[in-house]
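Structural overview
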Amino acid sequence: MTLDFSLSDDQQAIRDTARDFIAREVMPLENDVLAREHRGEKGLPAEDLRALQSKAQEFGFWGIGTPEAFGGAALPAVTQSLLWTEVGRTFVPFVFGGEADNILFRATAAQQEEFLKPTLAGDRVSCFAITEPNAGSDATAIRMRAKQDGDHWVLDGEKTFITKGVEADFSIVIAVTDAEKGHRGGFTAFLVDRSMGWESSPIHTMGPSTPASMSFDGVRVPHANVLGEVGEGFKLAMEWIGRGRYVIPSRAIGAAERLLTMAIEYAGQRETFGVPIGEHQMIQTMLADCELDLEAIRWPVLVAAWSIDQGLDARHASSLAKLGGATAAGRIVDRVMQIHGGMGYTKEMPIERWYREARLWRIFEGTDEIQRRTIAKGLLSGRRRVGGHLA
Ligand SMILES: Cc1cc2nc3c(=O)[nH]c(=O)nc-3n(C[C@H](O)[C@H](O)[C@H](O)COP(=O)(O)OP(=O)(O)OC[C@H]3O[C@@H](n4cnc5c(N)ncnc54)[C@H](O)[C@@H]3O)c2cc1C
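Only a predicted model underlies this, so the values are computations on that prediction, with no experimental measurement involved.

Moving on: the nonpolar core. Of all hydrophobic cores here, the largest spans 62 residues; its most connected members are Phe94, Phe96, Ile339, Ile351 and Trp361. Taken together, the elements giving at least two residues each to this core come down to helix 1 (9-26), helix 2 (30-38), helix 3 (46-58), helix 4 (77-88), helix 6 (233-269), helix 7 (281-309), helix 8 (315-339) and helix 10 (351-361). With 13 residues, the single largest contributor to this core is helix 6. Both domains that meet at this core, namely domain 1 (9-99) and domain 3 (235-390), each give it at least three residues. Each residue touching isoleucine 339, except ones within four places of it in the same chain, is listed here: Ala263, Tyr266, Ile277, Ile283, Met286 and Leu287. With 27 residues, the next largest nonpolar core counts Phe170, Val176, Ala189 and Phe234 among its residues.

And the structure:
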């Protein structure tokens, strides 16, 4: 293996185009987003998001992870990671268009027409529901039952904390079809349209995210809406969650870069005791520690994405990336707030917003503790050798 930490010309060009797009089209919306959120509204209305996505499409950013068969760019995970880092530089809740939940590409031809293609086109909104009031970290403990009744399945139970559950037109729901088999062949994924009768209500959080609790009371779902195979639900769920484990920290790197840049600028301008605060060694320590955290996580995140591109088992690398990215971002935003003093704590600056948002990264799509559990289990079982790819 040769070691080469440089980006290819293609990667650089794509990254620079994205950086330019985010700076010119998305960052100018930041004050509006803050103002709307402070009024308790959605930061980026759906029609504004779609307009931005259309503009991004003109620059070639559409379906960055979507297979070419569906008109997407099918970019390698490393390139996608670089793009998510660019998106992460702004707190505007922007995502590229032409994307769908990774497991939705398993849809049958009929399901593609009803669910996948309208989602890629931005005409329908999906959500993914596995978490339940009594089953979060331990997803094997879900209880939502799906009982077969002729050519239908009847779903009963509750889901909670479901991102986009308030606005979704349909949900990918993981339910128990065979309690004896449990997660080893007894869970199944269903495509459940809202018109089939599930109800949702918002859960207000400390951050910009408003997930939903969802209730299913005898919701009848045609057998034709099984996603993948009956019994394959847990495997699909882990596949869905796996993607977030490099996307979330990729975004976190972008946020951390922006925050550190803000702190450096402020340290050069703000004066106390007759000198810029950047001349005080305690401020310098915080800046240096931010830079260390940032660079220490950049490479594990890229290694996780690279492992996916290489077709390697990326679970260990992805857990390192998610744990490292989420925790580093938390430390960085905290120091950057400290460097800004009282101003950092106000709603006039976006730091407190990032502070609230970054706290979530340590909780959803696998908490810090669950990532540590995966990492330790990999080491203890010998599946992962100390020294990683170089061992
Ligand atoms: C804003 C938001 C959006 C979300 N979006 C979605 C979504 O779209 N779809 C979805 O299905 N879910 C979603 N979730 C759910 C999220 O994935 C869970 O909240 C998360 O997995 C933790 O589960 P829990 O909240 O039940 O905590 P619990 O599992 O009850 O954990 C409580 C505490 O115990 C710790 N813990 C648990 N087990 C262990 C262990 N073995 N060793 C050490 N410590 C342990 C945890 O780390 C945590 O600190 C979302 C959550 C939030 C807050």
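That was the structure; now back to the text.
Taking 1.5 Å per residue as the helical rise, helix 3 with its 13 residues ought to reach 18 Å, and the 19 Å between its terminal C-alpha atoms agrees with that figure. Listing the buried residues of helix 3 in full gives Leu49, Leu52, Gln53 and Ala56. The buried residues of helix 3 all sit within an arc of 105 degrees when viewed along its axis, so they share a single face. Exposed positions of helix 3 whose direction lies more than 90 degrees from the buried face are Glu47 and Glu58. Each element contacted by the buried residues of helix 3 is listed here: helix 1.

Looking now at the domain arrangement of the protein chain. By the assigned domains, the protein chain splits into domain 1 (9-99), domain 2 (122-231) and domain 3 (235-390). Averaged C-alpha coordinates put domain 1 and domain 2 at centres separated by 28 Å.

Another aspect to go through is the side chain of arginine 298. Note on placement: arginine 298 falls in helix 7. At 2.6 Å, the side chain of arginine 298 and the side chain of glutamate 257 are in polar contact. Leave out the neighbours within four places in its chain, and arginine 298 touches Ile253 and Glu257.

Let us look at the site of the ligand. Taken together, the neighbourhood of the ligand is formed by 19 residues, with Thr131, Ser137, Phe161, Thr367 and Glu369 sitting nearest. Backbone polar atom of phenylalanine 128 to a nitrogen atom of the ligand: 2.9 Å apart, as the coordinates give it. Within the side chain of threonine 163, one N or O atom sits 2.7 Å away from a nitrogen atom of the ligand. For the ligand, the protein covers 65% of the area, taking 970 Å² as the surface of the free molecule. Listed by contribution, the elements that provide at least two residues to the shell around the ligand are strand 1 (126-129), strand 3 (152-162) and helix 11 (368-381). Classifying every residue of the shell around the ligand gives 10 nonpolar, six polar and three charged. Shared between two domains, the shell around the ligand takes at least three residues from each, and those domains are domain 2 (122-231) and domain 3 (235-390).

The final tally for this structure, using the stated rule, is two cavities of 30 Å³ or more. Looking at the largest cavity, the residues that line it are Ala252, Ala255, Ala256, Leu259, Ala329, Ile332, Val333, Trp354, Ala358 and Trp361. Those elements that provide at least two residues to the lining of the largest cavity are helix 6, helix 8 and helix 10. The leading source of residues in the lining of the largest cavity is helix 6, at four residues. The class makeup of the residues in the lining of the largest cavity is 10 nonpolar, no polar and no charged.

Among the surface-exposed residues, Asp156, Glu158, Glu199 and Asp217 lie close enough to one another that they form a single negatively charged patch. Topologically, glutamate 199 is positioned in strand 6 (residues 199-202).

Let us now look at the packing of helix 8 against helix 11. The packing of two helices is summarised by the inter-axis angle and the distance between the axes. Taken N-terminus to C-terminus, the directions of helix 8 and helix 11 make an angle of 145 degrees; their axes are 9 Å apart at the nearest point. Here the hand of the crossing between helix 8 and helix 11 comes out left-handed. Taken together, the residues of helix 11 that come into contact with helix 8 (itself represented by Arg315, His316, Ser319, Leu320, Lys322, Leu323, Ala326 and Thr327) are Asp368, Gln371, Arg372, Thr374, Ile375, Gly378 and Leu379. Taken together, the residues of the contact of helix 8 with helix 11 break down into five nonpolar, six polar and four charged.

What follows concerns the pattern of salt bridges. A complete count under the given rule lists 29 salt bridges for this structure. With a closest N to O distance of 2.7 Å, glutamate 37 and arginine 353 form a salt bridge. One end of the pair, glutamate 37, is in helix 2; the other, arginine 353, is in helix 10, and 316 residues separate them in sequence. Neither glutamate 37 nor arginine 353 differs from the other in exposure class; each is buried. For the salt bridge of arginine 315 with aspartate 313, the shortest nitrogen-to-oxygen distance reads 2.7 Å. Several salt bridges share partner residues, and in doing so they unite Arg19, Glu86, Arg89, Glu257, Glu295 and Arg298 into one network.

This next bit is on the layout of surface pockets. Taken as a whole, the second largest pocket encloses approximately 940 Å³ of empty space. If you trace the second largest pocket, you find 35 residues lining it, with Phe5, Trp299, Leu302, Val303 and Trp306 closest to the centre. Mapped onto the lining of the second largest pocket, the elements with two or more residues apiece are helix 1, helix 4, helix 6, helix 7 and helix 8. Considering each element in turn, the lining of the second largest pocket owes the most residues, eight residues, to helix 7.

Conventions used here
- Residues numbered from 1 in each chain as written.
- Predicted model: local features only at pLDDT ≥ 70, side-chain atom pairs only at ≥ 80, totals over all residues.
- Heavy atoms only, no water.
- Core = buried A, V, L, I, M, F, W, Y, C linked by side-chain atoms within 4.5 Å.
- Buried < 20%, exposed > 50% of the residue type's maximum accessible area, 1.4 Å probe, protein only.
- Helix = DSSP H or I, 4+ residues; strand = E, 2+ residues; numbered from the N terminus.
- Domains from an automatic or database assignment.
- Contact = heavy atoms within 4.5 Å.
- Expected span 1.5 Å × (residues − 1).
- Arc of directions from axis to C-beta.
- Polar contact = N/O pair within 3.5 Å; in protein donor to acceptor, adjacent residues only side chain to side chain.
- Near = heavy atom within 4 Å.
- Areas by Shrake-Rupley, 256 points an atom, 1.4 Å probe, with all protein chains shown as cover.
- Nonpolar A, V, L, I, M, F, W, Y, C, P; charged D, E, K, R; others polar.
- 1 Å grid on protein atoms, 1.4 Å probe; cavity = no way out; pocket = protein on both sides within 12 Å on 5 of 7 lines; lining within 4 Å.
- Points joined across faces, edges and corners; volume = space filled by probe spheres on them.
- Patch = residues over 30% accessible without salt bridge, like charges linked within 9 Å, V, L, I, M, F, W, Y side chains within 5 Å.
- Salt bridge = Lys/Arg side-chain N within 4 Å of Asp/Glu carboxyl O.
- Lys, Arg positive; Asp, Glu negative; His and termini not counted.
- Charge placed at Lys NZ, Arg CZ, Asp CG, Glu CD.
- Axes fitted to C-alpha atoms, helices over the stretch in contact; angles between N-to-C directions.
- Left-handed = near helix turned anticlockwise from the far one by under 90°.

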